[in-house]
Amino acid sequence: MNRIVTICLSIFMIILSVFFTEGCSEKKEQQPLRHRLIFNCDGSDLIGNYVFHKRPLSLANVNAYVDAYANSQVTTYMVCSGSEFFHYRSKYGRVFGDDLNGSLDCGCDTAQYRNLKNAYRNHLNLEKEGTDIIDASLRRAKQDGMETFITYRMNDLHFNDTTLHCPVVYPDYWINHPEYWINENIGWHSAGAFDFSYKEVREHKLDIITEQLEKYGALLDGYDLDFMRFIVYFKTGEGEKNAPLITEMVKTVRAEVDKQSAENGKKILLSARVPVDLDFCLEKGLDVKKWIQEGLLDFVSIGVHWIGNPSIPVAKFKEELGCADIPVYVSVDDGGYWPRELYSDGMFRGMASHIFAQGGDGIYLFNFFFDDYQAKYNGQLHLEEGSQVCRVMMPGLLNELGSPETLHERNKIYCLDDGHSAAYGYQPDTPLPLTVSAENKATATIYIGDDTQKDKPEEMILFIRTDKPAPCSLWVNGIRVKKQKPEYVQLYDRGNNLQNDENVYAFILPATCLKQGENEVGFQSPANGTFKVKRLEVALKYGDVKTHGYF
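### Focus: the overall build of the chain
Helix and strand counts for the chain come out as 16 helices and 17 strands. Taken over 551 residues, the chain has a buried fraction of 57%. Put simply, 81% of the contacts in the chain that link residues at least 6 apart link residues at least 24 apart. Put simply, the chain shows about 22,600 Å² of open surface, and 50% of that area lies on carbon and sulfur atoms.

Written out as structure tokens, the structure reads:
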């Protein structure tokens, strides 16, 4: 009798499990790969041959470029196919940099014009070798054992600056159809963004995507829709009502991907890179939750635009998405607090550890290029002056960032978003800048992925950047913090790019102070003083930088 009851209960629990998960996605196929370290090659970096001193590009250069990422933890190689310019011969526009034998002369000799012409010459070099940048890099990536994807920028805004008066810079379809422009200034170059409420725009994009899937399907393991380049698809306030139009586009791409899967006798995946906030996605016309519920995507990558958010709320996104079946990868861009204030090694480790600790399935590296490392520093380590901090992206990091195990007890810097990641209407969920006064105790929380009570660092340092000199009382998780190390500000390069009267303080944290998860930092200003906390960072030093990683 007891055995019958047990069996009945087991069946009942299985039924409940199916009931509560069936709405998540109709596609229950086993993912061939769950944990990924994704590298997105933007194509123009490769076609410009920047890593090899901009010399004429050869197939051997392409192979060496791809190999640098293969000899690491990178599992997945994505190459950008362009948006309205192309890195192959397309029916729908010119090859990147093609000036039509000089007939599109700009009448000027700008750096951008020269770079475009050089890119086209490099394209011709590869054509002479019987290939193009997409074909060559996909083939090499497959030979190197990596997953191969094309990533397509859904609305690239790099080439729509109408003040340049240079026809080589302007894609044909875009310059010929100004009636499809959004004409709203809501971000960099946004006025010239395509308005996807027009059927003609959507069909044009679908034609391009179909062409790429048909041309390269045999080489592909997946196709990526990059909605982060750029997050402008409809006029302000019209995104949510027009979201079904984008959903229908994704359905059409899914059908074409499945068709190519059948024709090539293999599973081709479909993924999308989208903003980290689901409400913001919908505001922009991207009903990501519906895409997942309808089984249109095999995985999703999330991020913010260019100037990255070092404390992306991964757990919140996954909880609101409500589908544990779908892998979620988190995009780490090359921007820092300001444009080109590049992240350091320690910051990259801190971001990766944050992502894994919050349940991310892997990292999506955007613009993680070795140009400076190879071309500027000849493959040598370069430290910021007077510090133990490296801000040059190097191949060695690719053997750390892909796994919690290889990040274990490595030197790290955890950071809060300082608010500069706001772009195209996105408002980051951050307490910074934080106003501190004598009247009340202001608080901010910072997430630490390391279990510092189990794996104790040699030293834990709290860095605070304020808008002016600001003596104050400070607590971390209720523990008073007093000891300062002013010399650490330079040693850890935390005074980088100071503005106006900004000041940076370095505090040594007690060994029992931090915990894995959210940590509350409290401030109170003495007397009548008021100031703003503009940056908040925590460095975990596990050992000497030569053995445990440069910060």
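### What to know about the pattern of salt bridges
According to the stated counting rule, one finds 29 salt bridges in the structure shown. A salt bridge links E487 to K485, with the shortest nitrogen-to-oxygen separation between them at 3.8 Å. Assessed through its relative accessible area of 46%, E487 is described here as partly exposed. Across the pair K534 and E502 runs a salt bridge, and its minimum N-O distance is 2.8 Å. Of this pair, K534 sits in strand β17 (residues 531–541) while E502 sits in the loop between α15 (488–491) and β15 (503–508), placing them 32 residues apart in sequence. Exposure remark for K534: the relative accessible area of 30% places this residue in the partly exposed category. Here the residues in one salt-bridge network are R254, D258, K267 and D298, joined through shared partners.

### Comments concerning the sheet that holds strand β13 (residues 473–476)
Pairing within the open sheet is antiparallel, and its 4 strands lie in the order β11-β16-β13-β14. The open sheet has two edge strands, β11 (442–448) and β14 (479–480), and neither has a second partner. Of the strand pairs in this sheet, β11 and strand β16 (residues 517–524) are connected by 7 bridges, and their pairing is antiparallel. For T445, the partnering residue across the bridge sits in β16 and is E520.

### Focus: the nonpolar core
Core analysis: the biggest nonpolar cluster contains 130 residues, and Y77, Y223, L225, F227, V288, W291 and F368 have the highest contact counts within it. For F227, the residues in contact, after removing those within four places along its chain, are M154, Y233, I246, V250, A272, R273, V274, L286 and W291. Ranked by size, the runner-up nonpolar core spans 29 residues in total, among them L434, I464, L474 and V538.

### Observations concerning the environment of G102
Mapping G102 onto the fold places it in the loop between β2 (76–80) and α4 (111–128). Relative accessible area serves as the criterion here: at 35%, G102 is assigned to the partly exposed category. Here the alpha-carbon distance between G102 and V168, two residues 66 residues apart in the chain, equals 9.2 Å.

### Some remarks on the side chain of H123
Turning to its location among the elements, H123 is positioned in helix α4. Overall, H123 belongs to the buried group, its relative accessible area being 3%. Aside from chain neighbours lying at most four places away, what touches H123 is I47, H87, Y88, R89, V95 and D132.

### Structural notes on the packing of aromatic side chains
Two measures describe an aromatic ring pair: the distance that separates the ring centres and the angle between the ring planes. Taken as a whole, this structure holds 29 aromatic pairs when the rule is applied. Residues F39 and F369 carry aromatic rings whose centres are separated by 6.3 Å and whose planes lie at 85° to one another, so their mutual orientation is edge-to-face. With F39 in strand β1 (residues 36–41) and F369 in the loop between β8 (362–366) and α13 (371–376), this residue pair connects regions lying 330 residues apart in the sequence. The class of F369 is buried, set by a relative accessible area of 12%. Their ring planes at 85° and their centres at 4.9 Å tell us that F299 and Y329 sit as a pair that is edge-to-face. Taken together, the residues span a long stretch of sequence, with F299 in strand β6 (residues 299–303) and Y329 in strand β7 (residues 328–332) at a distance of 30 residues. F299 gets classed as buried once you look at its relative accessible area, which sits at 0%. Ring pairing ties together the aromatic residues F39, Y65, Y69, Y77, Y343, F348, F368, F369 and F370, which thus form one cluster. The ring of W475 carries the charged tip of K441 above its face, separated from the ring centre by 4.3 Å.

Criteria and thresholds
- Within any chain, residue numbers begin from 1 and follow the written order of that chain's sequence.
- Local features in this predicted model are restricted to residues whose pLDDT is 70 or higher, and side-chain atom pairs enter the listing and the counts only when it is 80 or higher, whereas totals over whole chains, interfaces and linings include all residues.
- Side-chain descriptors were evaluated using all non-hydrogen atoms of the structure, hydrogens and water having been removed beforehand.
- Strands are runs of DSSP state E lasting at least 2 residues, helices are runs of H or I lasting at least 4, and numbering of each runs from the N terminus.
- For every residue, the accessible area (1.4 Å probe, protein chains only) is compared with the maximum for its type, and the residue is labelled buried under 20%, exposed over 50%, or partly exposed between those bounds.
- Throughout, a contact is declared for two residues whenever any of their heavy atoms are within 4.5 Å.
- To measure how exposed things are, a 1.4 Å probe is used in the Shrake-Rupley method; for residues, cover is taken only from the protein chains shown.
- A carboxyl oxygen of Asp or Glu within 4 Å of a side-chain nitrogen of Lys or Arg is what we treat as a salt bridge.
- When DSSP finds two or more bridges between a pair of strands, those strands are recorded as paired.
- Joining through side-chain atoms within 4.5 Å is the link that ties buried Ala, Val, Leu, Ile, Met, Phe, Trp, Tyr and Cys residues into a set, and such a set is a nonpolar core.
- Each aromatic pair joins two rings of Phe, Tyr and Trp (for Trp, the six-membered one) with centres within 6.5 Å, and gets the label stacked for planes under 30 degrees apart, edge-to-face for over 60, and tilted for any other angle.
- The rule for a charge over a ring is simple: NZ of Lys or CZ of Arg within 6 Å of the ring centre, and within 35 degrees of the ring normal.

Without other data, these values stay purely geometric and don't point to any function.
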